[in-house]
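Here's the letter readout for the chains.
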Amino acid sequence: MFFAVNDRPVSFIWRPHNSLLTVLKLTLEIKDLHVAVGGRQVLRGVSLTVRYGEVHAVMGPNGSGKSTLAYAIMGRPGYEVTKGDVLLDGESLKGLTTEERSLKGLFLAMQEPPQIPGVRVSTFLIASINKRMGADDLTRVKNPLVLKRIYDAVKNVGLSKDHLTRELNVGFSGGEKKRNELLQLLLLDPKVVILDEPDSGLDVDGVKRVAEIIQELREKGKAVLLITHYPRILEYVEPNHVTVLYRGTVVAKGGPELAKRIEEEGYSFIK
Amino acid sequence: MTIKLRDKILPEKGVEELLGYAVPTKTTVELRGRISRSLVEEISRIKKEPDWMRRLRLRSLELFEKLPMPNWLRGIEELDLEELTHYVKPEAGIAERWEDVPEEIRKYYERLGIPELEQRFLSGLSAQFESETVYSSVKKKLSEMGVIMLPMEEAVKRYPDLVKKYFLRVFPASDHKFAALHAALWSGGVFVYVPPGVRVEEPLEAFFLIGRAMEGQFEHTLIVADEGSFIHFIEGCAAPMYKGYSFHDGMVELYAHKGATIKFTTLQNWSKNVINFNNKRGIAEEGARIDWIEGSIGSRITYVYPSTILRGRGASTRSMVVSVVKGPYLKDTGSKVIHVAPDTRSRIINKSISVDGGINIYRGLVKVLRGARNAHAHVECDSLILDSKSMAFTYPHNQVDEPTATVTHEATTGRLGEEQLFYMMSRGLSEDEAKSLIVLGFLDEIMAELPFEFANVLNRVIQLEFKKLGGLG
Ligand SMILES: Nc1ncnc2c1ncn2[C@@H]1O[C@H](COP(=O)(O)OP(=O)(O)OP(=O)(O)O)[C@@H](O)[C@H]1O
Ligand SMILES: [Mg+2]
């Protein structure tokens, strides 16, 4: 069945990270999702599927509901699913807290991550990593290899060690915040990655680096939901699928050619 | 940031859990009811006090009757002084060895690890249960240096001239109604005198327990550091759980003579049954220093304002208050400094954390009198509010009558927003773990300034208080 809907069925199957079983389970499925925020119906029936080893781009003009979709998947309080469902590996996420969804392997790189005064980046990273390893003390580094991994990842996303001792996102430039999101992404190693406009606010080198990281994630067999309303990044990383949202509904679906069309014509053809 | 505490002397359980419900203990005297002349005289008679102290009490009683209820107090409506037992004498003497303390009482202290702490870390300890001291011991080395540490009542009898010079002179009973009440009913507490030039490197500690409901505890602590001496005094308090409430109206007076240093550290960990009113004030003479550290964790309601009068040239003070309110309780805290002399310096650091409906109020004062040339004061006041049910208010007050003085003030209020919590939880942390990280980060700076042993204890107590916020214990 999936051969029919998949762009690259063959290369996909040969990837050693993906057992046939996980492929068959279709990974992240969003089914007829309706979401109300602050009493307002923001999403009105969104369906899409993100498979392991694929990049699914979600596009749409400002205010079309892209971030709302991301928050609803992560179970953010206040984002009420009024109809439809989100399934991970065939299981509904209904009733799971954000914490539980994260521990199941979901990760959201936020469009505008908030500042957390008082909490150092290193403390936060170590706590998140320790939590995943089941440590009873979230603040101590038990294995020195963890520190090495952190230093490597810091370099990888183009931040410096100094950022580690700074308070989380406090006084970070727009680009530094985005890189800090990628840093967490690399260290937490989730299986489903939602990137909410990871390219905005980044310089050209930054955008290229994000594209490389997305490419690596895909190669490692992650499922990537890439939200963007600006197709520039799609020049560097070709999506397997594109879904276009407008006013809370899906108005177009297609492959990379849909992104190209948006790049040339803008969103006028869907409005 | 050291968070895990492997220190055996620090119990793994919360104080309320450790002490459990109050067990009945034997008493020989209980005085309750209306606060009257005959009640005050009876306390004085039981204590076999000299006449000057009896008269001091009676004068204070008159003041208590005259003075109005402080109009800035909030939340004190439930306090009915008439229904309290104002004096409870346990059936126990003042022991010098723990074996000699009655078992039910000793058990409370043992559960808190106090005797062990004493052995390892302290050069003297005084323990009070209800209205009287039940244990008092000073290491020999200290007595040899001429340091005096005695239950307050004994000091009144044995060193009347010394005591008279300072008692209620630093904190006059006329200051407010509860100071007057304290002065009329005081019982227990510690007197410490450090001779000139003597440095007491290991701290002295006094520990206070209130073992029953509907009781008033009014201990009086007076510390005199003579010229060029040094002392660190620690004060701890706790209570088991019971139905109803109890009332604590203690007083601390510090006198630092020329060039002396007094560090006074409090770890307040009353159970949620205690309404806690504290009266704390120190006077620093020329070149002297007074440092207050107040870890205000427990209690139902707390009013505490560590205050210093910088009376001599070049005197200085630092006051650090950490106030944690978790649950539907209230803390009204704030440091006060009065700069009287030139070249005096003060620094106030106040950090409050409000969570689960808790309310923190900061009420501080910096007053620079005319003539306190080049006085320098800095106030830093940070509030952290962890949810939408909780609140923090700050009422800093500066009154500067000296043009050459520098007074600076910084205040921050951080409210943990829904988005921040979501962000942290989206990395796999639970709500409580996220809050713990934020709290410990917020206190990072203050923990670094504390003496190691005390930082450990405070850290532990905060973690226990936030145990439901778990994951860090
Ligand atoms: N808390 C809220 N209360 C009311 N309306 C909201 C709330 N949050 C989002 N919305 C509305 O929902 C719509 C979708 O917002 P969303 O942030 O999902 O858009 P977006 O596609 O991510 O836009 P952008 O490209 O600007 O990031 C917008 O009209 C927005 O105003
Ligand atoms: Mg958005």
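Residues numbered from 1 in each chain as written. Chains lettered and ligands numbered in written order. Predicted model: local features only at pLDDT ≥ 70, side-chain atom pairs only at ≥ 80, totals over all residues. Heavy atoms only, no water.

On to the packing of aromatic side chains. Counted according to the given criterion, the structure contains 15 aromatic pairs over all chains. Ring centres 6.1 Å apart and planes at 80 degrees place the aromatic pair Phe-218 of chain B and Phe-247 of chain B in the edge-to-face group. Here Phe-218 of chain B is found in the loop between β8 (216-217) and β9 (220-225), whereas its partner Phe-247 of chain B is found in strand β11 (residues 246-256), with 29 residues between them in sequence. Between Phe-264 of chain B and Trp-292 of chain B the ring centres are 5.5 Å apart and the planes differ by 65 degrees, which places this aromatic pair in the edge-to-face class. In this pair, Phe-264 of chain B sits in strand β12 (residues 261-269) while Trp-292 of chain B sits in strand β14 (residues 289-296), placing the two residues 28 residues apart along the sequence. Of note, Arg-261 of chain A hangs over the ring of Phe-269 of chain A, and the distance from its end group to the ring centre comes to 3.9 Å. Directly above the aromatic system of Phe-442 of chain B lies the positively charged group of Lys-351 of chain B, at a separation of 4.7 Å from the ring centroid. (Phe/Tyr/Trp six-rings, centres within 6.5 Å; stacked < 30°, edge-to-face > 60°. Helix = DSSP H or I, 4+ residues; strand = E, 2+ residues; numbered from the N terminus. Lys NZ or Arg CZ within 6 Å of the ring centre and 35° of its normal.)

Now for the packing of helix α2 (residues 37-46) of chain B against helix α3 (residues 51-66) of chain B. All names here are of chain B. Remark: α2 packs on α3, axes separated minimally by 10 Å, with the N-to-C direction vectors making an angle of 155 degrees. Compared by their axis directions, α2 and α3 come out roughly antiparallel. Crossing of α2 against α3: the hand is right-handed. For the pair α2 and α3, the contacting residues are Arg-37, Val-40, Glu-41, Ile-43 and Ser-44 in the first and Arg-54, Arg-57, Leu-58 and Leu-61 in the second. Counted by class, the contact of α2 with α3 contains 4 nonpolar, 1 polar and 4 charged residues. (Axes fitted to C-alpha atoms, helices over the stretch in contact; angles between N-to-C directions. Parallel < 35°, antiparallel > 145°, perpendicular 65-115°, else oblique. Left-handed = near helix turned anticlockwise from the far one by under 90°. Contact = heavy atoms within 4.5 Å. Nonpolar A, V, L, I, M, F, W, Y, C, P; charged D, E, K, R; others polar.)

Before going further, it helps to examine the site of ligand 1. Residues and elements named next belong to chain A. Within the structure, ligand 1 sits among 14 residues, and Asn-62, Gly-63, Lys-66, Ser-67 and Thr-68 are positioned closest to it. Gly-65 places a polar main-chain atom, nitrogen or oxygen, 3.0 Å from an oxygen atom of ligand 1. Protein chains bury 66% of the 630 Å² of accessible surface belonging to ligand 1 in isolation. Within the residue set of the shell around ligand 1, elements represented by two or more residues are β2 (40-50) and α4 (66-74). For the shell around ligand 1, the leading source of residues is α4, giving 3 residues. In the shell around ligand 1, the residues fall into 3 nonpolar, 8 polar and 3 charged. (Near = heavy atom within 4 Å. Polar contact = N/O pair within 3.5 Å; in protein donor to acceptor, adjacent residues only side chain to side chain. Areas by Shrake-Rupley, 256 points an atom, 1.4 Å probe, with all protein chains shown as cover.)

Now for the coordination of the magnesium ion (ligand 2). Residue and element names in this part refer to chain A. All of the protein donors around the magnesium ion (ligand 2) are Ser-67 (OG) and Gln-111 (OE1); their distances to the metal are 2.0 to 2.1 Å. Residue Ser-67 is located in helix α4, and its partner Gln-111 is located in the loop between β6 (106-109) and β7 (116-120); the two are separated by 44 residues in the primary sequence. By relative accessible area, Ser-67 is classed as buried at 17%. (Donors = N, O, S within 2.8 Å, 3.2 Å for Na, K, Ca; no water. Buried < 20%, exposed > 50% of the residue type's maximum accessible area, 1.4 Å probe, protein only.)

This paragraph deals with the confidence of the model for chain B. Residue and element names in this part refer to chain B. The predicted model of chain B has a mean per-residue pLDDT of 91, with 94% of residues at 70 or higher. This stretch, residues 1-12, has a pLDDT under 50; its non-local contacts, to residues over four places away or in other chains, come to 39 contacts. In this model residues 468-473 is a low-confidence stretch, pLDDT under 50, and it forms 26 contacts with partners more than four residues away in sequence or in other chains. ipTM for the predicted complex: 0.91, alongside a pTM of 0.82. (pLDDT = per-residue confidence, 0-100.)

Counting residues at the interface gives 39 residues for chain A and 23 residues for chain B. Around 2600 Å² of area is buried between chain A and chain B when both sides are counted, 61% of it from carbon and sulfur atoms. Where chain A touches chain B, the interface holds 4 salt bridges. Residue Glu-418 of chain B is joined to Arg-76 of chain A by a salt bridge in which the shortest nitrogen-to-oxygen separation is 2.8 Å. There are 14 residue pairs in polar contact (both at pLDDT 80 or more) connecting chain A and chain B. At the level of elements, α4, α5 (98-103), β6, β7, α6 (121-133) and α9 (174-188) of chain A are the ones that each hand at least two residues to the side of chain A that touches chain B. Looking at the side of chain A that touches chain B element by element, the count peaks at 6 residues for α6 of chain A. (Buried area = accessible area lost by both parts, 1.4 Å probe. Salt bridge = Lys/Arg side-chain N within 4 Å of Asp/Glu carboxyl O.)

Residue and element names in this part refer to chain B. Across the 11 residues that make up β11, a large majority, 11, are buried. Every second residue of β11 is oriented toward a common face, with Ser-246, His-248, Gly-250, Val-252, Leu-254 and Ala-256 on one face and Phe-247, Asp-249, Met-251, Glu-253 and Tyr-255 on the other, all of them buried. Summarising the sheet, β8 and β11 pair through 2 bridges and their orientation is parallel. Across the sheet, the residue bridging to Gln-217 is His-248, located in β11. Looking at chain direction, β9 and β11 are connected through 6 bridges and run parallel. (Pairing = 2+ DSSP bridges.)

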